[in-house]
Amino acid sequence: MAAHILVLPGDYIGPEIMTEAVRVLEVVNRRFNLELTWEEGLLGGAALDVHGVPLPTQTMERARAADAILLGAVGGPKWDAVERHLRPERGLLGLRSELGLFGNLRPAILYPQLAEASSLKPEVVAGLDILIVRELTGGIYFGEPRGIRVLENGEREGFNTYVYNESEIRRIGHLAFSLARQRDHRVCSVDKSNVLEVTVLWREVMEEVARDYPDVTLSHMYVDNAAMQLVRAPKQFDVMVTGNMFGDILSDAAAMLTGSIGMLPSASLDRNGRGMYEPCHGSAPDIAGEGKANPLATILSVAMMLRYTLANPEAAAAIEQAVSTVLDQGLRTPDIQRAGVEAVSTSAMGDAVVAAL
Ligand code: ATP
Ligand code: MG
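These numbers come from a predicted model, not from an experiment. (Residues numbered from 1 in each chain as written. Chains lettered and ligands numbered in written order. Predicted model: local features only at pLDDT ≥ 70, side-chain atom pairs only at ≥ 80, totals over all residues.)

1. Comments concerning helix α12 (residues 346-356)
Note the threshold: Put plainly, a residue is buried at 20 or more neighbouring C-beta atoms within 10 Å of its own, exposed at 12 or fewer, and partly exposed in between, counting only other residues' C-beta atoms, which are placed from the backbone. In DSSP terms, a helix is any run of H or I states spanning at least four residues, a strand is any run of E spanning at least two, and both are numbered starting from the N terminus. This arc is built from the directions going out from the helix axis to the C-beta atoms.
Every buried residue of α12 is accounted for by Thr346, Met349, Gly350, Val353 and Ala356. Taken down its axis, α12 places every buried residue within 125 degrees of arc, on the same side.

2. Thoughts on the domain arrangement of the chain
Quick note on the threshold: In this entry, domain limits derive from an automatic or database-based domain assignment. Any two residues are considered in contact once their C-beta atoms, placed from the backbone, lie within 7 Å. Under this grouping Gly is polar, as are all residues other than the nonpolar Ala, Val, Leu, Ile, Met, Phe, Trp, Tyr, Cys and Pro and the charged Asp, Glu, Lys and Arg.
Each domain of the chain was delimited in the assignment, giving domain 1 (1-102 + 274-357) and domain 2 (129-257). One C-alpha centre belongs to domain 1, the other to domain 2; they are set 27 Å apart. Between domain 1 and domain 2, the contact holds six residues from the first and six residues from the second. Here the residues of the side of domain 1 that touches domain 2 are counted per class, giving three nonpolar, two polar and one charged.

3. A word on unusual backbone geometry
That bond from glutamate 144 to proline 145 is cis: its omega, 0 degrees, falls within 30 degrees of zero. With respect to the helices and strands, the residue proline 145 is situated in the loop between β5 (129-135) and β6 (147-150). In this model, glutamate 35 sits at a positive phi of 55 degrees, which is unusual for a non-glycine residue. One can find glutamate 35 in the loop between α1 (13-31) and β2 (36-40).

4. Quick notes on the site of ligand 1
Basically, it comes down to this: Any residue qualifies as near a molecule or strand once its backbone-derived C-beta atom lies within 6 Å of it.
Around ligand 1, the structure places 15 residues, and the nearest of them are Gly262, His281, Gly282, Ala284 and Asn294. Looking at the shell around ligand 1, its residues break down into seven nonpolar, six polar and two charged.

Printed below as a string of structure tokens:
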């Protein structure tokens, strides 16, 4: 299927890791005759420097026209003094909300070669392969009213609103269940329905969605227990689906199970399966320009793009296999370095993946 991709390298290590990811894209494009085309655009600090805004109109227009977006990372100390509404991160948030990217997918996969880098014992995480599906555009992060007010007695009070309507819950539910069909057919919905009414509704709607997927098993878990189970016995999960805030917290916890943040890709999907793909990590200003950044999270984001938006699981699997091969060969960037073995550079890692492909 011919498709057009908008590539947004971003800031600090963004361009370094994106160079390697685009080389991988070139190889799979040729090898699998994908007929993909792409162009580069500016977002974040890079856009601010050129256009004075973090999300220029032309980037927004190209993003709307593209089938998928591949993003490096945005932000960093260079723009610390910039006004709040012009911060690089605002560009990213604007892009997400304008495109209606409500479904955030974060796989936590442990490559067996990196078992020693996990925060848990090898036997607890060996073979770990879970997918956290987080609602990204609603919940308490966006609920109104919100603010800090002064009460009659002079005391200050902070408040936020945790709200989800039925259609928002149904939408993320359908996404989670359809993804479970491509995996182990199990969904665990995470809520706090013993305390929060909004998640009582969440649980009810998930049950309703489940009726459309008789081949998928639905279970429920309170978020506190889910956090505990994630570090106690994470392999019990297949797909976890949850709201914005719980998903934010659980997906960071899950990230630590897999070793380095430099290995973790993510996807953010709209209702038509179009999406933005980016590594889970930030722009890592502390290592920018030194050839130390691990490009594998971005390369694996290309694989997710092929699987979830471009409907080419074969090409996706080929990239994932190539990543596994370079890890087998012992190649390690500094973030996943093993004692006594010299680390390789960002571009050497990219070379190895290209060669393995
Ligand atoms: P953000 O708020 O954008 O998520 P952050 O402040 O959480 O950013 P990161 O930019 O993700 O921070 O960096 C956190 C740490 O992880 C830093 O020490 C950074 O060098 C390291 N790091 C991040 N990405 C990579 C990578 N691809 N390879 C190696 N190290 C990385
Ligand atoms: Mg971060």
